[in-house]
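Single-letter residue listing:
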Amino acid sequence: MTDNKGVMIFTEVVDGKLAPIARELLGCGRKLAGELKEELSALLIGSGVAGVAAEATAYGADKVYVVDNELLKDYRTDAFVGVIEKVARQANPRILLLGQTSTGNDLAPRAAFRLGTAVTLDCVALEIDASSKLLLQTKPVYGGNARAIFTMDTLPQMATVRAKAMSALTPDSARKGEVVTVDAGLDAATIKTNLLQKVVQEVEGVKLEDASVIVSGGRGIGGPEGFKELEELAKLFKGAVGASRPPCDNGWVPTSIQIGLTGKVVSPEVYIAVAISGSSQHLAGCSGSKNIIAINRDAEANIFKEARFGVVGDWKKIIPAFQAKAKELLGK
Amino acid sequence: MNIIVCVKQIPDPEAPPASFKIDPATNKVAPPPNIPPVISPFDEQAVEAALRIKDAGGAKITIISLGVNLLRDVVKKPLSMGADELILLEDPAFADGDSWATAYALAMAIKKVGAYDLILCGRQAADWDSGQVGSCIAEILGLPQITVAKKLEVRDGKVKVERVTADGYDVIEAGLPAVVTVSNELGTARYATIKGIMAAKRKEPIVWKPSDIGVETAKIGAAGRRVKMQKLFQPVREGKCEVITGENEEDAAANLAKKLAEVKLL
């Protein structure tokens, strides 16, 4: 595969629309394709997804490959790997990008090795090296303590990209793009896993990813009762409650509100970190916040290095007093 | 029921962030002094998942670990938790591989073990956070994969897994043999028992070299890398926190609210 050209984005679809990460990837892909003076394509895989092609074009794709098949209604590894392999062999992209999502991180390694190449997961920056023209893939390592820049000589060069690391373009519905329909060519017998059930753990109120204020608790909260207090505070600000890993691992809160390297990545206006020490693995999920407010009993805690404002002390005393004063100032 | 769990010895990820240093001469992470390495926590949870299956219906658990300078006290921990056998792929030729090179060696070792129904890995190693070895082993061995599991159940020749997703979890089933990677949501791994520690002391690991598992040395370790590291660096943290104080904690809290109102963050 010496004639690989172009940048291809695996564009995930959620509720009949491009997922936010897909728009961000198209924005990033547009820039990379521009530097290479090559084409940007989108790859839509699913059932009933053909209608999303126009959206992919509006967000920057020159060409949209559509693989629409009932067998692709839900994500299953073997089916999606087979389709990616087929389209990638047909289109021969130089670069193939996916989102660092529960689908992308399952799909990308297996697809990469099927194609005889490699992938770097969870990148936060992508650039074209000026001299070698290789894709420079920057990724946090050692739980966020360090960053590494990787390259690969095999093609296509593959990477998954973390949510909110890239910016989407303003959609332009007047943009013109080509749509290429590809037959899935799937044999149901090759799909070795069975999706029995999709369980959505509803979180009341504002979603973490959309919240402009997040009140987040750590190990020091001590149990589920403490999180009730954080919920009250979050409600006052019309915000959401998050957590570092220990409260989730201990079952105090649902795992779906975990923020960090192995959880969600958030970037709210205000992130109030309560009794969170600030491990690198947690910071990996919240360091994009515009303003971090740290409340911790340990003045040496790492979270204060990231915070704009902080109070040193016992959260059990600080939170009620802070909430009362905030309520008064907000006139509630 | 034969379960194989792949585990990795890594620098302790719970070591204070201030102790984390990169040696610029070698472009490598300098191990923190006086802090012994550990089994990657996600891999410990994979061992825990195997032990829960063993508790429920019986199983033989074989641990495979790849690396160099593997401290016996560290890599024997799964044995002291209740695993049955320990195989070490310990040779300089295995070292510094990428996910692909590492998975290739592990897959060849798994083939040599021969009897396996379930292969478990941590979702990612807590040093390089690559998160690919499980998928690569599945691809090499042609097995189904289910990644990022928080619960596993084995019944009637199948494994049923709760796989963590952004807003909940999927329940996925695969026929055995299969590869499953385990996430922290599984819950804390058990402690070693005194009896387990004694048993582990007496048990000697089996050590395999590249020739023992029939791998070409060009495809393993540093020589087998497809992914090349160009640079390793520590991001700079600004550290300009304004600490709000008061007569007591309550007062400081009220002052924080006032401050936030002042800078229009309330």
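Here the residue numbers are simple positions, counted from 1 along each chain's written sequence. Think of it this way: whatever chain is written first is A, whatever ligand is written first is 1, and the rest follow in order. Local features in this predicted model are restricted to residues whose pLDDT is 70 or higher, and side-chain atom pairs enter the listing and the counts only when it is 80 or higher, whereas totals over whole chains, interfaces and linings include all residues. Only hydrogens and water are set aside when side-chain values are computed; all heavy atoms of the structure are taken into account.

Quick look at the state of the cysteines
Note the threshold: We call a pair of cysteine sulfur atoms a disulfide when they lie within 2.5 Å. Accessibility here uses a 1.4 Å probe with only protein chains present; expressed as a share of the type maximum, an area under 20% marks a residue as buried, one over 50% as exposed, and anything in between as partly exposed.
Summed over all chains, the structure comprises 0 disulfides over all chains. Cys6(B) provides the cysteine sulfur closest to Cys121(B), a residue in no disulfide bond, and the two sulfurs are 4.1 Å apart. The exposure class assigned to Cys121(B) is buried, which follows from its relative accessible area of 4%. The thiol of Cys241(B) is unpaired, and the distance to the nearest cysteine sulfur, on Cys286(A), comes to 13 Å. Judged by relative accessible area, which is 22%, Cys241(B) ranks as partly exposed.

Describing empty space enclosed by the protein
What counts here: Residues are called lining when one of their atoms sits within 4 Å of a cavity or pocket point, these points coming from a 1 Å grid over the protein atoms alone, where a cavity is a set in which a 1.4 Å probe fits but cannot get out and a pocket is an open set with protein on both sides within 12 Å along at least five of seven lines. Grid points are joined across faces, edges and corners, and a volume is the space filled by probe spheres set on the points. Helical segments are the DSSP runs of H or I of at least four residues, strand segments are the runs of E of at least two, and each set is numbered from the N terminus. Classification used: nonpolar for Ala, Val, Leu, Ile, Met, Phe, Trp, Tyr, Cys and Pro, charged for Asp, Glu, Lys and Arg, polar for all others including Gly.
Tallied over the entire structure, the rule returns 1 cavity of 30 Å³ or more. As a volume, the largest cavity reaches approximately 70 Å³. Around the largest cavity, the lining residues are Tyr75(A), Arg76(A), Thr77(A), Asp106(A), Thr193(A), Gln145(B), Ile146(B), Thr147(B), Arg163(B), Asp170(B) and Ile172(B). Only β9 (145–155) and β11 (168–175) of chain B provide two or more residues apiece to the lining of the largest cavity. If you tally residues by element for the lining of the largest cavity, the top one is β9(B), at 3 residues. Among the residues forming the lining of the largest cavity, the class breakdown is 3 nonpolar, 4 polar and 4 charged.

Here's the deal with the domain arrangement of chain A
Residues and elements named next belong to chain A. The line we're drawing: Domain start and end points were adopted from an automatic or database domain assignment. Contacts are assigned to residue pairs with any non-hydrogen atoms lying within 4.5 Å of each other. As a working definition, buried area equals the accessible area (1.4 Å probe) given up by two parts on being put together, with both sides summed. The term salt bridge refers to a pairing of a side-chain nitrogen on Lys or Arg with a carboxyl oxygen on Asp or Glu at a separation within 4 Å. Between N or O atoms, a polar contact is any pair within 3.5 Å; within protein, one atom must be a potential hydrogen donor and the other a potential acceptor, and residues adjacent in sequence are included only when both atoms are from side chains.
Assigned domains of chain A: these are domain 1 (7–190) and domain 2 (208–330). Once you take the C-alpha centre of each, domain 1 and domain 2 turn out to be 33 Å apart. Tallying the contact residues gives 7 residues for domain 1 and 8 residues for domain 2. Taken as a group, Gly143, Arg162 and Lys164 account for 72% of the area that domain 1 buries against domain 2, more than any other trio of residues on that side. Taken together, the links from domain 1 to domain 2 amount to 0 salt bridges. On inspection of domain 1 and its partner domain 2, the count reaches 4 residue pairs in polar contact (both at pLDDT 80 or more). Classifying every residue of the side of domain 1 that touches domain 2 by side-chain character gives 1 nonpolar, 3 polar and 3 charged.

A short note on the interface of chain B and chain A
We apply this condition: Pairing between strands is defined by DSSP: at least two bridges between them are needed.
Chain B puts 79 residues into the contact, and the matching count from chain A is 77 residues. Two residues, Arg114(A) and Glu139(B), come together in a salt bridge whose shortest N-O distance is 2.5 Å. Counting the contacts that link chain B with chain A gives 34 residue pairs in polar contact (both at pLDDT 80 or more). Within the residue set of the side of chain B that touches chain A, elements represented by two or more residues are α1 (41–57), α5 (133–141), β9, β10 (158–165), β11, β14 (227–233), β15 (242–243) and α7 (249–262) of chain B. At 11 residues, α7(B) tops the list of elements feeding residues into the side of chain B that touches chain A. The residue makeup of the side of chain B that touches chain A, split by class, is 38 nonpolar, 18 polar and 23 charged. With 2 bridges joining them, strand β18 (residues 309–312) of chain A and β15(B) adopt parallel strand pairing.

Overview of the pattern of salt bridges
Inspection of the entire model under this criterion finds 34 salt bridges over all chains. Across the pair Lys198(A) and Asp170(B) runs a salt bridge, and its minimum N-O distance is 3.2 Å. Of the two residues, Lys198(A) is situated in strand β13 (residues 193–200) and Asp170(B) in strand β11; the pairing between them involves two chains. Of the charged contacts, one joins Lys77(B) and Glu44(B) as a salt bridge, the two residues approaching to 3.0 Å between their closest N and O atoms. A residue pair is termed long-range when its members are at least 10 positions apart, and Lys77(B) in helix α3 (residues 77–81) and Glu44(B) in helix α1 qualify at 33 residues. Since its relative accessible area comes to 15%, Glu44(B) is described here as buried. Within the structure, one salt-bridge network assembled from shared partners comprises Glu85(A), Arg89(A), Arg110(A), Arg114(A) and Glu139(B).

Points about helix α1 (residues 20–36) of chain A
All names here are of chain A. As a reminder, the rule being used: Multiplying 1.5 Å by the helix residue count minus one yields the expected span of that helix.
Taking 1.5 Å of rise per residue, 17 residues should cover 24 Å, and α1 covers 25 Å from first to last C-alpha, within 8% of that figure. Taken residue by residue, α1 has Ile21, Ala22, Glu24, Leu25, Leu26, Gly27, Cys28, Gly29, Leu32, Ala33 and Leu36 as its buried positions. In the stretch just after α1, lysine 37 is the one whose phi turns positive, near 55 degrees.

Things to note about the side chain of Lys139(A)
The test is simple: For the purpose of charge, His is not counted, nor are the chain termini; Lys and Arg are scored as positive and Asp and Glu as negative.
By secondary structure assignment, the location of Lys139(A) is in strand β9 (residues 135–141). With no salt bridge to any partner, buried Lys139(A) finds its closest opposite charge in Asp122(A), at an N-O distance of 4.8 Å. Only 2.8 Å separates the side chain of Lys139(A) from the backbone oxygen of Asp129(B), close enough to count as a polar contact.

Topic: the packing of aromatic side chains
Selection criterion: Between rings of Phe, Tyr and Trp, where Trp is taken as its six-membered ring, a pair exists when centres lie within 6.5 Å; planes separated by under 30 degrees are stacked, by over 60 edge-to-face, and by other angles tilted. By the criterion adopted, a ring carries a charge over it if an Arg CZ or a Lys NZ lies within 6 Å of its centre and within 35 degrees of its normal.
Counting across every chain of the model gives 6 aromatic pairs over all chains. Between Tyr142(A) and Phe20(B), the ring centres sit 5.4 Å apart and the planes meet at 55 degrees, which makes this aromatic pair tilted. Here Tyr142(A) is found in the loop between β9 and β10 (146–152), whereas its partner Phe20(B) is found in the loop between β2 (9–10) and β3 (21–23) on a different chain. Where Phe237(A) meets Phe322(A), the ring centres are 6.2 Å apart and the plane angle is 55 degrees; that geometry is what we call tilted. With Phe237(A) in the loop between α5 (224–236) and β15 (240–243) and Phe322(A) in helix α9 (residues 315–330), this residue pair connects regions lying 85 residues apart in the sequence. On the basis of relative accessibility, which here comes to 12%, the residue Phe237(A) falls in the buried class. Aromatic rings pair up to connect Phe10(A), Tyr75(A) and Phe80(A) into one cluster. Looking at Lys112(B), its charged tip hangs above the ring of Trp208(B), at a distance of 4.9 Å from the centre.

Quick word on the sheet that holds strand β6 (residues 95–99) of chain A
All names here are of chain A. The condition that has to hold: In this description, a line fitted to the C-alpha atoms serves as the axis of each element, helices being fitted only across the stretch in contact, and the angle between N-to-C directions of two axes falls anywhere from 0 to 180 degrees.
The sheet built from 7 strands is open, its strands ordered β7-β11-β6-β1-β4-β5-β12 with parallel pairing. This sheet does not close on itself; its edge strands, each paired only once, are β7 (119–123) and β12 (178–181). On average, each strand axis in the sheet is inclined to that of its neighbour by 20 degrees, with strand direction left out of account. Of the pairings in the sheet, the one linking β7 to strand β11 (residues 157–161) comprises 3 bridges and is parallel in character. Directly across from threonine 120, in β11, lies its bridge partner alanine 159. Sheet contacts for α1: β1 (7–10), β4 (40–46), β6 and β11; angle to β1, the most-contacted strand, approximately 175 degrees.

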